Amino acid sequence: MHLAKFPRRFIAHLPTPLERLDRLSKELGGPEIWIKRDDCTGLSTGGNKTRKLEFLMAEAELEGAEIIMTQGATQSNHARQTAAFASKLGLQCHILLEDRTGSNNPNYNNSGNVLLEHLHGATTQKYASGLDMNAEMEKVADKFRADGKKVYTIPGGGSNPTGALGYVNCAFELLAQCNDSGMKIDHIVHATGSAGTQAGLITGLKAMNAQIPLLGIGVRAPKEAQETNVYNLACATAEKLGCPGIVNREDVVANTDYVGEGYGIPTASGIEAIQMFAELESILLDPVYSAKGAAGLIDLIRKGHFSKDDRIVFLHTGGSAALFGYDSTFDHSGRWINA
Ligand SMILES: *Cc1c(COP(=O)(O)O)cnc(C)c1O
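Residues numbered from 1 in each chain as written. Predicted model: local features only at pLDDT ≥ 70, side-chain atom pairs only at ≥ 80, totals over all residues. Heavy atoms only, no water.

Caption draft 1: Inspection of the site of the ligand at higher detail. Around the ligand sit 17 residues in total, of which Lys-49, Lys-52, Ser-194, Thr-197 and Thr-317 are the nearest. Between an oxygen atom of the ligand and a side-chain N or O atom of Asn-77, the distance comes to 3.0 Å. The contact in question runs from an oxygen atom of the ligand to an N or O atom on the backbone of Gly-193, over 2.7 Å. A total of 380 Å² of accessible area belongs to the ligand in isolation, and the protein chains cover 98% of it. A molecule is said to occupy a pocket when more than half its atoms come within 2 Å of that pocket's grid points, and by this definition the ligand occupies the largest pocket. Looking at the shell around the ligand, the elements with two or more residues in it are helix 2 (49–62), strand 7 (187–192) and helix 8 (196–207). Residues that form the shell around the ligand fall into these classes: three nonpolar, 11 polar and three charged. (Near = heavy atom within 4 Å. Polar contact = N/O pair within 3.5 Å; in protein donor to acceptor, adjacent residues only side chain to side chain. Areas by Shrake-Rupley, 256 points an atom, 1.4 Å probe, with all protein chains shown as cover. 1 Å grid on protein atoms, 1.4 Å probe; cavity = no way out; pocket = protein on both sides within 12 Å on 5 of 7 lines; lining within 4 Å. Sits in = over half its atoms within 2 Å of the grid points. Helix = DSSP H or I, 4+ residues; strand = E, 2+ residues; numbered from the N terminus. Nonpolar A, V, L, I, M, F, W, Y, C, P; charged D, E, K, R; others polar.)

Have a look at this one:
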């Protein structure tokens with residue numbers, strides 16, 4: 001597997017640390033939990049989209065793009081990392097933000113990721129929920145194109161075969177860290193949304209014949225839809241890499257029991273996960289993604305899904321900047337108001 005044959009703009013702080021979570025492991029009395037710190041990729045408070053954007057933005061530069069466009073939910077971490085990456089390359093960035101939660105908290109609408117996007121010089125445009133946002137983005141892009149601008153559009157979450165290469169790379173990086181330190185791992189768990197992270201990881205793991213089960217914890221779609229999205233993108237990614245057919249449908253496993261009311265709406269188990277990670281390990285999770293992923297991990301451990309002497313790696317996909325858009329979820333002592 002030769003990732004260097006694909007254009008890439010090196011910007012992330014890699015390799016991200018792989019750390020043991022002693023206090024959380026002890027608290028749960030179960031498997032040894034490790035964390036892969038993709039919340040520390042370096043770009044404007046970090047997160048998983050930076051790895052994908054290394055490949056996407058290199059492609060944009062090669063195509064001579066002047067304007068980068070993408071879309072996401074109001075508190076999209078992907079939008080924030082795209083805005084930051086574009087400003088680093090001196091490119092204009094325009095973002096479509098979809099109101100998926102109906103929140104009227106002013107901080108949800110203007111602070112957190114939205115504030116950072118504006119600091120990075122991006123322009124944003126708000127949309128009501130329920131539209132085909134990739135199609136809306138192409139409409140706006142066509143207006144820029146009619147004015148003679150070169151536009152590069154990135155799908156929501158940066159999840160296409162080019163973006164997924166970032167997580168093929170992460171699979172290689174993680175396995176190298178384990179191999180170098182003689183550390184055997186039994187499971188990898190992470191939050192899955194627009195599918196690029198899980199698709200890239202499973203493709204990389206299969207390409208290396210790692211034989212480590214990968215579990216995505218869903219944040220939006222039902223199980224069948226989520227697994228199908230991941231599987232289809234993994235197949236396209238394997239094709240791009242020149243190894244079509246290496247991913248089987250049964251390699252793709254998502255558990256969508258922790259979504260709660262819906263995308264972007266905090267859950268009691270997610271808030272508990274935020275508090276446990278913050279108080280036991282000084283690690284910040286976000287209510288939309290990493291907290292729901294961690295809530296799944298914690299609940300499955302409590303239910304005995306993993307064996308006590310397993311070693312589990314939780315991939316921290318980032319998102320802490322969104323906490324400031326969700327301040328009204330917590331009271332002044334940091335407790336969840338609806339608990
Ligand atoms: C986007 C995102 C995810 C999900 O990754 P996908 O590649 O979209 O599945 C998980 N966690 C955080 C913090 C994210 O921003």
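Now that the structure has been shown, we can carry on.
Caption draft 2: View of the layout of surface pockets. Put simply, the largest pocket is a space of about 710 Å³. Lining of the largest pocket is provided by 41 residues; of these, Gly-156, Gly-157, Gly-193, Ser-194 and Ala-195 occupy positions nearest its centre. Looking at the lining of the largest pocket, the elements that each hand over two or more residues are helix 2, strand 3 (67–73), helix 3 (77–88), helix 6 (133–146), strand 7, helix 8 and helix 9 (223–241). Residue classes in the lining of the largest pocket are distributed as 11 nonpolar, 23 polar and seven charged. (Points joined across faces, edges and corners; volume = space filled by probe spheres on them.)

Caption draft 3: Examining the pairing of strand 10 (residues 311–316) more closely. With five of its six residues buried, strand 10 lies for the most part within the structure. In this sheet, strand 10 lies alongside strand 2 (residues 32–37) in parallel orientation, the contact comprising six bridges. The residue bridging Arg-37 from the neighbouring strand is His-316, located in strand 10. Across three bridges, strand 7 lies against strand 10 in parallel orientation. From the neighbouring strand, His-187 faces strand 10, where its bridge partner is Ile-312. (Buried < 20%, exposed > 50% of the residue type's maximum accessible area, 1.4 Å probe, protein only. Pairing = 2+ DSSP bridges.)

Caption draft 4: Layout of helix 6. The end-to-end C-alpha separation of helix 6 is 20 Å, in line with the 20 Å expected for 14 residues at 1.5 Å each. Within helix 6 the residues assigned to the buried category are Met-133, Glu-136, Met-137, Val-140 and Ala-141. Seen along its axis, helix 6 keeps its buried residues to an arc of 140°; they face one direction. Turned more than 90 degrees away from the buried face of helix 6, the exposed residues are Lys-139 and Ala-146. Where helix 6 is buried, its residues contact strand 3, strand 4 (92–98), strand 5 (123–127) and strand 6 (151–154). The N-cap of helix 6, judged by a side-chain oxygen 3.2 Å from the amide nitrogen of Asn-134 a few residues on, is Asp-132. (Expected span 1.5 Å × (residues − 1). Arc of directions from axis to C-beta. Contact = heavy atoms within 4.5 Å.)

Caption draft 5: Structural context of the pairing of strand 8 (residues 214–218). With five of five residues buried, strand 8 is to be regarded as a mostly interior element. Pairing geometry for strand 7 and strand 8, over five bridges, is parallel. Paired with Ile-188 across the bridge in strand 8 is Leu-214. For the crossover that starts at strand 7, traverses helix 8 and ends in the parallel strand 8, the hand is right-handed. Here strand 8 pairs with strand 9 (residues 253–255) via three bridges, running parallel. (Right-handed = clockwise from strand over helix to strand, strands pointing away.)

Caption draft 6: The packing of aromatic side chains, seen in detail. The full count for this structure, using the stated rule, is three aromatic pairs. Centroid distance Tyr-108 to Tyr-326: 5.4 Å. Interplanar angle 85°. Geometry classified as edge-to-face. Here Tyr-326 lies in the segment after strand 10 and Tyr-108 lies in helix 4 (residues 106–110), a separation of 218 residues in the sequence. You'll find Tyr-108 and Tyr-326 in the same group, each marked buried. Taking the ring centre of Tyr-167 as reference, the NZ or CZ of Arg-51 above it sits at 5.7 Å. Here Arg-220 stacks its cationic end above the ring of Tyr-263, 5.6 Å away from the centre of that ring. (Phe/Tyr/Trp six-rings, centres within 6.5 Å; stacked < 30°, edge-to-face > 60°. Lys NZ or Arg CZ within 6 Å of the ring centre and 35° of its normal.)

Caption draft 7: The sheet that holds strand 5, seen in detail. Sheet architecture is open: four strands sit in the order 5-4-3-6, paired in parallel fashion. The strands lining the two open edges of the sheet, one partner per strand, are strand 5 and strand 6. The mean inter-strand angle of the sheet, taken between neighbouring strand axes irrespective of direction, is 20°. Strand direction decides the pairing type here: strand 4 and strand 5, joined by five bridges, are parallel. Bridge pairing links Ile-95 to Thr-124 in strand 5. (Axes fitted to C-alpha atoms, helices over the stretch in contact; angles between N-to-C directions.)

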